[in-house]
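The chain contents come next:
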Amino acid sequence: MNWFTAKDPLKKLEQQRQALDPVQAGWPEGIQAILRTPLPSAETDIRQLPLLVFDFETSGLNAERDRIVSMGWVEVHQGIIALESARHLLLQASTDTDGSAVALHHIVPEMQQHGVSEAAAFDKLWSAMAGKVLVVHGAVMEREFTRQYLRRNALPELPLVWLDTLKIEQAFPAASERGAVSWRLSDLRRRYRLPEYPAHHALSDAIATAELLLAQRFRLFRQQPAPLGEWVKASRP
């Protein structure tokens, strides 16, 4: 599967990383750790790379107005999901929650009273991200809510490496998926004969996405190396 190898998709990100001085007063330690860590090369087999698979549930779809209500993540090492690394955080409410969003994730404001602050949650997430490739299903929301948080807090745009299992599936559909109308996580998992999990729970969705990525890697590459650069290009918005 070498339909693109022309340009290193990670070179620009690495240049961005090198241009930022990680030692800035007031920047969270996790962000400084991200900036201190060189990015992997495009040729690196993703099986050799630590992955952080994560998901946000939000109060709505507008990243400028709405806020994250929960985060969940899990790490993958050497092709194995490290369940001991799994985390699920409820965030304190800082804005009204859209009723339709509550109907999906079932997190009501009363539950968020026991949550952590947005800053504390992102500090934990930055630390978890350091040195890892990020994996999300349908990364538009996570990218935009992350970007808006950085802007609101005068933090730099970070050189993060994102993989999107939705975009990967659209770039390399199985024969049975030609003409598919749904790329939802649950529908894709069903096509891979993965078990059904409850949807719209940040940690459950993160674990479900991790399993989907491993299934995609096996379908596309079997035992052959799976170069990171190809996955990054397939994951572009």
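All residue numbers refer to position in the chain's written sequence, counted from 1. In keeping with the model being predicted, local features are shown solely for residues with a pLDDT of at least 70 and side-chain atom pairs are shown and tallied solely at 80 or more, while totals for entire chains, interfaces and linings include all residues. Side-chain numbers come from the whole structure's heavy atoms, not from hydrogens or water.

Draft legend 1. Local environment of the pattern of salt bridges. A pair is scored as a salt bridge if a Lys or Arg side-chain nitrogen falls within 4 Å of a carboxyl oxygen belonging to Asp or Glu. Counted under the stated rule, the structure contains twelve salt bridges. Across the pair E169 and R219 runs a salt bridge, and its minimum N-O distance is 3.3 Å. Taken as a pair, E169 in helix α7 (residues 165-171) and R219 in helix α9 (residues 202-221) lie far apart in primary sequence, 50 residues in all. Owing to a relative accessible area of 0%, E169 belongs among the buried residues under this scheme. Looking at R219, the relative accessible area reads 25%, which means it is partly exposed. For E211, the salt bridge identified is with R189, shortest N-O distance 2.9 Å. Only DSSP runs of H or I covering at least 4 residues are called helices, and only runs of E covering at least 2 are called strands; the numbering of each starts at the N terminus. Categorising residues by exposure relies on relative accessible area from a 1.4 Å probe, with only protein chains included: less than 20% of the type maximum marks a residue as buried, more than 50% marks it as exposed, and the intermediate range marks it as partly exposed.

Draft legend 2. Structural detail: the packing of helix α2 (residues 29-36) against helix α5 (residues 118-129). All axes here are fitted lines through C-alpha atoms, helices being fitted over the stretch that makes contact, and every angle between N-to-C directions spans 0 to 180 degrees. Two elements in contact, α2 and α5, have axes whose closest approach is 7 Å; the angle formed by their N-to-C orientations is 20 degrees. Accordingly, the angle class assigned to the pair α2 and α5 is roughly parallel. Handedness of the crossing formed by α2 with α5: left-handed. Between α2, through G30, I31 and I34, and α5, the contact on the second element is made entirely by W126, S127 and M129. Polar here means any residue outside two lists: the nonpolar Ala, Val, Leu, Ile, Met, Phe, Trp, Tyr, Cys and Pro, and the charged Asp, Glu, Lys and Arg; Gly therefore counts as polar. By residue class, the composition of the contact of α2 with α5 is four nonpolar, two polar and no charged. When describing relative orientation, an angle under 35 degrees is termed roughly parallel and one over 145 degrees roughly antiparallel, while 65 to 115 degrees is termed roughly perpendicular and anything else oblique. Crossings are classed by handedness, with left-handed meaning an anticlockwise turn of the near helix from the far one by less than a right angle and right-handed meaning a clockwise turn. Between two residues, a contact is recorded if the distance between any of their heavy atoms is within 4.5 Å.

Draft legend 3. Representation of the pairing of strand β4 (residues 133-136). Side-chain alternation along β4 places V133 and V135 on one buried face and L134 and V136 on a second face that is also buried. At least two DSSP bridges between two strands are required for those strands to pair. The sheet contact formed by strand β1 (residues 51-58) and β4 spans three bridges and is parallel. By the bridge assignment for β4, V53 is matched with V135. Across three bridges, the pairing between β4 and strand β5 (residues 162-164) is parallel. Of the residues in β5, the one forming a bridge with V135 is L163. If you view a crossover with the strands going away from you and the path from the first strand over the helix to the second runs clockwise, you call it right-handed. Handedness of the crossover joining β4 and β5 through helix α6 (residues 140-152): right-handed.

Draft legend 4. Highlighting α9. How far a helix is expected to stretch is found by multiplying one less than its residue total by 1.5 Å. In a regular helix each residue adds 1.5 Å, so 20 residues correspond to 28 Å; α9 covers 28 Å between its end C-alpha atoms and thus fits that length. Counting buried residues in α9 gives 16 out of 20 residues, a clear majority hidden from the surface. Following α9 by one or two positions, R222 adopts a phi angle in the positive range, close to 50 degrees.

Draft legend 5. Representation of the sheet that holds strand β3 (residues 80-90) within the structure. If you trace the five strands from one edge of the open sheet to the other, you get β3-β2-β1-β4-β5, paired in mixed fashion. Both outer strands of the open sheet, β3 and β5, are each paired with one neighbouring strand and no more. Averaged over neighbouring strand pairs, the angle between their axes works out to 25 degrees when direction is ignored. Here α9 sits on the sheet in contact with β1, β2 (68-77), β3 and β4, set at roughly 35 degrees to β2.

Draft legend 6. Summary view of the packing of aromatic side chains. To pair, rings of Phe, Tyr and Trp, with the six-membered ring standing in for Trp, must have centres within 6.5 Å; the planes then decide the type, stacked if under 30 degrees apart, edge-to-face if over 60, and tilted in the middle. All told, the structure shown has seven aromatic pairs when counted by the stated rule. Consider the rings of F122 and W126, whose centres lie 5.1 Å apart with planes at 35 degrees: the pair is tilted. Placement of both F122 and W126 in helix α5 is noted, with a separation of four residues, approximately one turn of the helix. Comparing F122 with W126 shows no difference in burial state: the two are buried. Each ring, one from W126 and one from Y149, has its centre 6.3 Å from the other, and the planes form 45 degrees; the classification is tilted. Placement of W126 in helix α5 and of Y149 in helix α6 is noted, with a sequence separation of 23 residues between them. Using a relative accessible area of 0% as the deciding quantity, one classes W126 as buried. Y149 gets classed as buried once you look at its relative accessible area, which sits at 5%. Counting every residue linked through ring pairs, the aromatic cluster contains F54, F56, F122, W126, Y149 and W162.

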